[in-house]
Structures are given as C-alpha cells and as structure tokens.
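An overview of the molecular structure
Given next are the chains, with one letter for each unit.
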Amino acid sequence: MCESCASVAAAGEERRRTGPSRRGLLAGAGLGLGVSMGFVPGLTATAAAASLKNGRWCNPALGHFPQGGHYGAPRSGGPHAGQDITNSTGTAVYAAAAGTVIRKGWGGGLPGRSGNGIVISHGGGQYTYYGHLSAYRIGLNAKVSAGQRIGDMGATGNVTGPHLHFEVHAGGLGALTNPVSFMAGRGVDLGGGWSRIDPGARGKRVTAIQHLMTRRGYDLAADGSYGSVSVGAVKRFQASRGLVADGQVGPATWPHLVYTLKQGHSGSHVRALQTVLNKHGAGLAVDGGFGTVTASAVRSYQSVNRLVVDGVAGAVTWRALVG
C-alpha cells in the first residue's frame, strides 16, 4: 500500500491553488464527518433525484483492499486521500468514467503524491486520480471512454508493494471524497463485483443486457438505452426467477442473466460478451460468433486482469467485464 502518499492536507493545497469552490470547502470541512457523494453543478431537483447508477462509471482495477489502505487511514502527512487496490504489477488500470487526461507524470502533478500518476477530468468538477502506475497507456490531453485501459498497476513512488492508489475529487481538484462510497453510489463495487444498472442507464453494459435478454427470449433492440421496454422485460425476467422485480440489473440479477461461453458458441449471448469486451478495448466485430479472435480477446482480458486464463467466459470473467 501507499507509505505516505496523498494526504488530505496535501489535497487542500491543490484546491487552494486552483481556487476554492463552495462545494470544495464543504467537502474539505466534511472529511471528518461523513462522505460526500459528489456534485454536478446545475442539476435540477428532478435530475438530482434520478439514479446515479446510470452506466457512466466502472471499476478502474481488479484486486483487494490491503490493510490500512483505506480512505482516511493515518499517514504521516495526514489522512490517506484515496483507496488502495492491490494486485500484481502489470494488472490493467481503466478509466473509471469518460473524460480527458489533464495531468500525466510524477504524482499526477498533485502535491503529496509519488509515482507515475494520471488525473482525468470527467466534467462537472469531478476528477479521478490513478497513482503508482508501472506504465502509461494513454497520452496527455487524450479523450478516454469509461473502461478504456489507461495504464498498468505498479509500485512506483513511496509504496510497500504494487497497487493502484485511486482517488475521487468531487467539486474540484482537492475536494476529496471516499472513493468506495462514491463509486458504490454509482453502481460500482470498487475492486471487483457485479455492477448495478438502473432504469435510465445507457452504454455498452445496457447493450449487453439487451443482447442477453434477447437470448433469454425477450427480443429487445440492442440500442444501449435502458428505457421502459427493456426495463419491463427485465422485471418480467426477474419475477420469473423469483427475484425482486425492480428493474435493477445488479448482483442478484446478473448471475441469472449471463451464460458460460466458450469457443464454438454463437448467438446474442456472444454478442453481449463481445460488446463488453469492446468496452475494454478488444475491438471485436459484434457478430455473435465465438471464434478464435473472440477466444483470444477473452484470454487477453483474463491475463491482464489476473484471472484464470482459460478462454472461457464464466461468471468470474463476466463479473469483471461488467463491473
């Protein structure tokens, strides 16, 4: 884990340098009282009430939480400003949401950080930081999509072993919030776990859900928009399996929805698999045929995420892909 990187105090220096916002001041004041769930300026009351589990955010890396690597853990320079996710050097690191790479270099150009780091701006005053990388896979000022590989996990800087130091800044750089609860509020189980996708969501995971539902006999248009027709079909599917029919595709529903797939399979369920592999950069034709190219993409994904490399898309691989 991080030895002394990225304290809350150091983050405050960055906030003062870039100019404090009212939200930034509130987040800083609230660090000892609770967790901010983020803020997007200009939201109306109706929009703010909409679910944040909208498919916009995804897991930046697979791994486990090391002891003492949590947000707020004691450090010599102040409380730990992020969440550490431990895995081996070279494990893939992905953009947690779409945005622009605004900083790339030692410590991501932020005070108190060490090692190779990247800062991504997601708009609305929201930023994420990825620290201790062993390699960069994206350039400065690059536009990135959610789930795009941006680097490799490493042990650069002041650390005791390889891991990703992941931060969320909501309300401006320096307006830190707990990454675990921030991501959970957006349907992401940080470090690994099934995602939670609510009605109104959009994106490749929704497209995959629609393909899987079609395979289950519901014949949905794979348009990536989780609207009333798709939601109604999911609710009927949930009811048929004895699940809570709330329309949320989460840890209770995904295992019933996915298939164990391997080379030679074909159909809409394979299209779902190809779609979520493409979310992570596979570049596959979504043709529904599990041939040698798709099998190679599955093995490559399993390898860079330190899963069992067997070319079979079972529950563990699916969980990582849609997480």
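Everything discussed here concerns the structure shown above.
To keep things clear, this report deals only with the structure shown in the data block. (Residues numbered from 1 in each chain as written. Predicted model: local features only at pLDDT ≥ 70, side-chain atom pairs only at ≥ 80, totals over all residues. Heavy atoms only, no water.)

Thoughts on the side chain of H165
Following the sequence through the fold, H165 ends up in strand β9 (residues 163-170). For H165, a relative accessible area of 1% puts it in the buried group. In terms of polar contacts, H165 uses its side chain to reach the side chain of H80, at 3.1 Å. Reaching out from H165, the side chain makes a polar contact with the side chain of E167 at a distance of 2.7 Å. (Helix = DSSP H or I, 4+ residues; strand = E, 2+ residues; numbered from the N terminus. Buried < 20%, exposed > 50% of the residue type's maximum accessible area, 1.4 Å probe, protein only. Polar contact = N/O pair within 3.5 Å; in protein donor to acceptor, adjacent residues only side chain to side chain.)

A look at helix α9 (residues 292-304)
Between the first and last C-alpha of α9 there are 18 Å, a value that for 13 residues agrees with the 18 Å anticipated at 1.5 Å per step. Looking at the buried side of α9, the elements it contacts are β2 (92-94), β8 (149-152), α8 (268-279) and α10 (315-322). Two residues or fewer past α9, R306 is found with a positive phi of approximately 60 degrees. (Expected span 1.5 Å × (residues − 1). Contact = heavy atoms within 4.5 Å.)

Description of the sheet that holds β8
Pairing within the open sheet is antiparallel, and its 3 strands lie in the order β2-β8-β6. Edge positions in the sheet fall to β2 and β6 (135-136), since each has one partner strand and no second. Sheet analysis places β6 next to β8, joined by 2 bridges and oriented antiparallel. Residue pairing for β8: Y136 is matched across the bridge by G151. (Pairing = 2+ DSSP bridges.)

Details of helix α6 (residues 228-240)
An α-helix turns once every 3.6 residues. As a result, residues three or four positions apart point the same way. Between its first and last C-alpha atoms α6 spans 18 Å; for 13 residues at 1.5 Å apiece the expected length is 18 Å, and the two agree. Turning to α6, its buried residues number three or more, namely S230, V231, A233, V234, F237 and Q238. Buried residues in α6, looked at end-on, bunch into an arc of 160 degrees, giving them a common side. The exposed residues of α6 that point more than 90 degrees off its buried face are S228, V229 and R236. Those residues of α6 that are buried are in contact with α5 (204-215) and α7 (254-257). A positive backbone phi angle near 75 degrees is found at G242, which sits one or two residues after α6. (Arc of directions from axis to C-beta.)

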